[in-house]
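These are the residues of each chain, in order.
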Amino acid sequence: MSLVSHLNQKLSDTACLNCRTPVTLSPSPGMLTCPACNHTYPVFDQIPLLLQDPEASLAAAHSQHQALIDSNEKWLENVRDASRRQPERELLGQAIRAYESNNVYLKRLQTSVERHLGIQKIDELKEEDRLPKQYDLEEGIVFSHRDWCWSPGAEAEIAKIANTIRDVVTDFADDVDRVLVPGAGAGRFACELATTYDSCLAFDYCVYMAQIFYDIVAQDVTLYKVNLRSNVAKTEDVVVEDTLSLDAPGDDRIRAALEQGRLSYFITNALDLPFPGNALSAIACVYFIDIVPLKTHLNEIRRTLKPGGLFINIGPLRYMRGDTANMLSGEEILDLFRNSGFDILADGTVTNTQLTSSPVITSVLSHNFMFVARKR
Ligand SMILES: C[S@@+](CC[C@H](N)C(=O)[O-])C[C@H]1O[C@@H](n2cnc3c(N)ncnc32)[C@H](O)[C@@H]1O
């Protein structure tokens, strides 16, 4: 049995997004079916797509793959031109091979979507302008480097956040078994929590995030980072080959948790969760609440948490995009939770060098907003 097929074993006690009935979706090849209304959800390359409009999300992933392939192509043109003028710089040859290799990988992800949906359907959806807004793949891929390269800087960042979550759960609850991880990205925090809690339910809205995570579960993935513009001192740090592995060398901690079926990772929207009311004992958001319209997400948090359930947040409030009306200060967020049926149990900051990359001289010190709320 492959490791990927151990995922989603505990994806039960869901609710159908079509008829809203609490059900366990029943698996059949290539799909999940609601036993109450027979609505079907596609399973794409083993990834369940629990969405109202899964085809539009697949087409959006295809667009994101293309955008990053195009951006790499632009860099390739620049680097090839520089290399023609400076043929003695072997470094530029390495950068060319790095961009080419990344694009082979991205093209493979894109081809998977084409095989599933068909290029004609993808083009139709793009023309109809029906593609949901997606987190940018170029920004998203940074999380794979942080999460799965096992560099000391990244590990310090991950340990601080994961340990803070575990500590507050120990302080404020004694019956946490089912933990939801919204906007799980490249999946590392979800995997960490799966080593501690029986059932960790991780999800992201972007299909490409799940594609990369599922690939890493299946086997090591090699991606390159080209730091031509990133302020590095050593020549050997300009083109970096990253091997993304599920566990640190010589370890099998995360593999063991996955083999026990403790992790689910699926695609869904934080604003429309496929769970019935009062279903979850904890929700842990990392680097997420400044990405979604929080008031709408909070409706889903309040609906799906059990009374007494914990909501834990750690992340910046940087609001890079979206409606200004959603750009709340930390104090406003605490008041919003209090006025929505929660007690605030703790709040503070967790400071780290956000998304640190060891060869890069510059790093940002991020004072992440942390709070714990309990549903009354
Ligand atoms: C800043 S990243 C953080 C990733 C992860 N939490 C971490 O810290 O490693 C935010 C993630 O939220 C996802 N996302 C954005 N909107 C979402 C939504 N409505 N529902 C679920 N995930 C969403 C993005 O695709 C992206 O992977």
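Residues numbered from 1 in each chain as written. Predicted model: local features only at pLDDT ≥ 70, side-chain atom pairs only at ≥ 80, totals over all residues.

Another aspect to go through is the domain arrangement of the protein. Taken domain by domain, the protein holds domain 1 (59–131) and domain 2 (149–375). Distance between the C-alpha centres of domain 1 and domain 2: 27 Å. Taken together, the contact between domain 1 and domain 2 spans 13 residues of the former and 11 residues of the latter. Looking at the side of domain 1 that touches domain 2, the elements with two or more residues in it are α1 (54–85) and α2 (90–117). (Domains from an automatic or database assignment. Contact = placed C-beta atoms within 7 Å. Helix = DSSP H or I, 4+ residues; strand = E, 2+ residues; numbered from the N terminus.)

Let's shift gears to the site of the ligand. Around the ligand sit 21 residues, and of these Y135, G183, G185, A270 and Y287 come closest. Within the shell around the ligand, the residues separate by chemical class into 16 nonpolar, four polar and one charged. (Near = placed C-beta within 6 Å. Nonpolar A, V, L, I, M, F, W, Y, C, P; charged D, E, K, R; others polar.)

Turning next to the sheet that holds strand β6 (residues 47–48). Read across the sheet, four strands follow the order β3-β4-β5-β6 without closing on themselves; strand pairing throughout is antiparallel. Lying at the two open borders of the sheet, with one neighbouring strand each, are β3 (26–28) and β6. (Pairing = 2+ DSSP bridges.)

Moving on to the nonpolar core. Counting residues in each nonpolar core, the largest one holds 103 residues, and the members touching the most others are V181 and A190. With eight residues, the single largest contributor to this core is helix α7 (residues 207–218). Taken together, domain 1 (59–131) and domain 2 (149–375) each give at least three residues to this core, which thus spans both. A95, A98, Y99 and V239 belong to the second largest nonpolar core, which has eight residues in total. (Core = buried A, V, L, I, M, F, W, Y, C linked by C-beta atoms within 7 Å. Buried ≥ 20, exposed ≤ 12 C-beta atoms within 10 Å, placed from the backbone.)

This part covers the sheet that holds strand β8 (residues 199–204). On the basis of which strands lie adjacent, the open sheet formed by seven strands has the order β11-β8-β7-β12-β13-β15-β14 and mixed pairing. Only two strands of the sheet have a single partner each, and these edge strands are β11 (263–267) and β14 (342–353). Taken pair by pair, the neighbouring strands of this sheet meet at an average axis angle of 15°, ignoring direction. Bridging between strand β7 (residues 178–181) and β8 involves four bridges; their strand directions are parallel. Residue V181 lies in a different strand from β8, and its bridge partner there is A202. (Axes fitted to C-alpha atoms, helices over the stretch in contact; angles between N-to-C directions.)

Looking at the element boundaries, A282 is found in strand β12 (residues 280–286). Taking the number of C-beta atoms within 10 Å as the measure of exposure, A282 has 27 and is therefore buried. Once the C-alpha coordinates of A282 and V181 are considered, the two residues, 101 residues apart in sequence, prove to be 8.8 Å apart. Excluding its chain neighbours within four sequence positions, the residues that come into contact with A282 are V169, A173, V176, V179, G309, L310 and I312.

For the α-helix, the turn length of 3.6 residues means that residues three or four positions removed from each other point alike. Across its 28 residues, α2 extends 41 Å between first and last C-alpha, which sits within 8% of the 40 Å expected from 1.5 Å per residue. Those residues of α2 not exposed but buried are L92, A95, A98, Y99, N102, N103, L106, L109, Q110, V113, H116 and L117. Once α2 ends, the next one or two residues include G118, with phi positive near 85°. (Expected span 1.5 Å × (residues − 1).)

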